[in-house]
Amino acid sequence: MVEITSPAFKANARSAMADEQLQKAMGHVRHNFIDKRATAAAGLDEFEDLRDSAVAIKNHVLEYLDLYLEKYEEKVIESGGHVHWAATAADARGQILDICRKAGAKTVTKGKSMISEEIALNDSLAANGIEPVETDLGEYIIQLRGEHPSHIIAPAVHVTMDQVREDFLKHHTHLPPDRPLDEPEQLLREARAILREKFLSADVGVTGANFLVAESGTSVIVTNEGNGDLTQTLPRIHIVIASIEKIVPTLEDMSQIVRVLARSATGQDMSVYTTLSTGPRREGDPDGPDEYHVVLLDNGRSSMIGTEFQDMLRCIRCGACMNHCPVYHAIGGHAYGWVYPGPMGAVLSPSLIGVDKAGHLPNASTFCGRCESVCPMHIPLPKMMRHWREREFEKHLSPATQRGSIRGWAWVAKRPLLYRTIASLSARFLWLLGGFNRRIKSLPLASGWTRHRDMPAPEGSTFMSQWREHQASLKGDL
Amino acid sequence: MSQRDEILGRIRSAIAPNGNDTERRKNLRTHLTSNGVIPKLPKSRAGIQTRFKERAIVADATVEFSKPEAVAKNISKYLRDHNLPAIIKTGDDQRLRKLLKGSDKLLEISRGISDGNDLVGVSHAMGGVAETGTLFMTSGKANPTTLNFLPETHIVVVNENDVEANYEDLLKKLRRKFGVGKMPRVLNMITGPSRSADIEQTLILGAHGPLRLHIIIVRN
Ligand code: SF4
């Protein structure tokens, strides 16, 4: 199983901020993704209209999801494929294992799939004597390192080039140790050559899906490396693992969403490979798999329908929300403690693994609103994080000190005179603490905040008293 | 209860506990009602082709126009310019057969799927989309999928009449060819050669798929 460390979110975040390698690696996220998305969005006049169109499609699908799933299933079967319904992660693992066992599979190549992370497929295959081989370069790197993705579209974004070189030297022992490995290009060539062999010898290929098209029973993957295509073309069996909300009604609907996907994710106008697969090899087909299976995973999603978290099911996993998140930039993806990091993870994880385990995540937000403003699917992420905070509070899951202080604050806030007195006293106190350079280096009861940054000292009076003075001076002007 | 019924039941009770499925089915989207927002592009053939070329180049492909009778010569010139041997692998595509007929002196041609040992694959596209410089490739004996991915150099021939403005234009053609609700086993929409930015976000061309993508647009 992927170990869930979300309950230790605070400790995770602290050690992430002290991790030099990680901080170096995260520097790249801050600039790259943000600039590229902005340029791509600005380069298409219809971008905002397409966002609205994409939202409308997904909202419509969620209103008729049962019917579209039935239609999709019917079309997959018609094209010679098999559909397996999995209520839980364990069910999905079992179904995939069954298919692999029947095929006598020894190695399984894998395209990039967050769902496969969600169901912890690799561990389950390995425990049953089947070797899973990740083939996306980023996934391959972290598999060597025994890690999990720290970003949903750039899984190894937390790793530096020096670390990759060390990993390759350690694991690729059949190659001369003094070979040149100083350029990203040399590292990529080496991985390509090693994985080529794996592609050609694998018995089963597992891919995810960005879309499932109901009108034709088609699964769609969107990639850049071409590994997903080799994964699904060369082995005898192709297994698609996808969650139920990936449905779109038609190819045209898919095209609407595809237009905002890559632009929001990597800033490309279109990813290199958008591959639409429908069933197994046909009569006269010289290549392609003999068997085509789709495992449809629910794992808690159907229970989100009709709740305040339903909008989250519109997510197309583009990663824009984490690319633009100051909290994600500061701590990276692993601190979130489970499969999905960043703002989308802070909303989705509590739904999938429970607010008792992931309740801290929705607190990892400055509510700056950047995630929502760049989300191509207009998902109100900050609002939903607030819902989770409320639920956490209601369930008495937040720590006693926090609950006590909120209750205390509420008591004081309801008494205006007392509130004003305390506020002006503390404003003066903080003003004194600020000293000569107007910065507060450490604050009693808020050391968690001041450990990593100074707090600017306030002006010495409260907003209310300044407002009163301002109003009075205006009157004087008249 | 099967897992299928369990999942569908949960969804149904959340969205339409008392819904009448026959009525609800009438509201489903079909290809006739789902066109949505279509990016504006030049109207003229020439304008569309120019845009296609521009966008394909932005995606790191190379593009040339060619008369039908010059296709073989242009392929061999491209290979020479890239220090590649004049040996190509193609499928059984009739249009390609015609274009390459009588080119034995220029090119050594073998046909079939790729097993990973071919340096150069040559395919014929179903069409191209100007919006993003994207090629549509359909699977089958004429153009095996493996040729799109295994050879390090991929040369794609497309007829100028099949270069359209938007994805939707080619999807219509696809439906005409395969039928409504039907698809080829694989439709590859390809935009440029393969790439990865997984190492410190440095973009490198040539990941698991081709390192080079060269597009030849055939003028009639
Ligand atoms: S929540 Fe929005 S921005 Fe974040 S991954 Fe999902 S679709 Fe992209």
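On a predicted model such as this, the values are computed, not experimentally measured, just so you know. (Residues numbered from 1 in each chain as written. Chains lettered and ligands numbered in written order. Predicted model: local features only at pLDDT ≥ 70, side-chain atom pairs only at ≥ 80, totals over all residues. Heavy atoms only, no water.)

## Here we look at the overall build of chain B
- Regarding its fold elements, chain B presents seven helices and 12 strands.
- Residues classed as buried in chain B amount to 54% of the 220 residues present.
- The long-range fraction of contacts in chain B, counting pairs at least 24 apart against all pairs at least 6 apart in sequence, stands at 72%.
- Put simply, chain B shows about 9600 Å² of open surface, and 51% of that area lies on carbon and sulfur atoms. (Helix = DSSP H or I, 4+ residues; strand = E, 2+ residues; numbered from the N terminus. Buried < 20%, exposed > 50% of the residue type's maximum accessible area, 1.4 Å probe, protein only. Contact = heavy atoms within 4.5 Å. Areas by Shrake-Rupley, 256 points an atom, 1.4 Å probe, with all protein chains shown as cover.)

## What to know about the packing of aromatic side chains
Residues and elements named next belong to chain A.
- Counted by the stated rule, this structure contains six aromatic pairs over all chains.
- Pairing F309 with W388 gives two aromatic rings, centres 4.1 Å apart and planes at 10 degrees, and the pair type is stacked. Of the two residues, F309 sits in the loop between strand 10 (291–297) and helix 13 (320–323) while W388 sits in helix 18 (residues 381–394), which places them 79 residues apart along the sequence. This pair shows no difference in class: F309 is buried, exactly as W388 is.
- Aromatic pair W338 and Y340: ring centres 5.8 Å apart, planes at 75 degrees, arrangement edge-to-face.
- Residue classification places W338 among the buried residues on the basis of a relative accessible area of 9%.
- In this structure Y340 comes out as buried when scored by relative accessible area, which is 0%.
- An aromatic cluster is present here, built from F9, Y328 and Y336 joined pairwise through their rings. (Phe/Tyr/Trp six-rings, centres within 6.5 Å; stacked < 30°, edge-to-face > 60°.)

## Section: the site of the ligand
- Near the ligand, the surroundings consist of 14 residues, among which C315, C318, G319, C321 and C375 of chain A are the closest.
- Residue classes in the shell around the ligand are distributed as 12 nonpolar, one polar and one charged. (Near = heavy atom within 4 Å. Nonpolar A, V, L, I, M, F, W, Y, C, P; charged D, E, K, R; others polar.)

## Thoughts on the sheet that holds strand 7 (residues 153–159) of chain B
Residues and elements named next belong to chain B.
- With parallel pairing, six strands are arranged side by side in an open sheet as 1-12-7-4-2-3. Looking at the sheet topology across the chains shown, the edges are occupied by strand 1 (62–66) and strand 3 (108–111). Here the average twist between neighbouring strands, direction ignored, is 25 degrees.
- Relative to strand 12 (residues 212–218), strand 1 runs parallel, the two sharing five bridges. By the bridge assignment for strand 12, T62 is matched with H214. (Pairing = 2+ DSSP bridges. Axes fitted to C-alpha atoms, helices over the stretch in contact; angles between N-to-C directions.)

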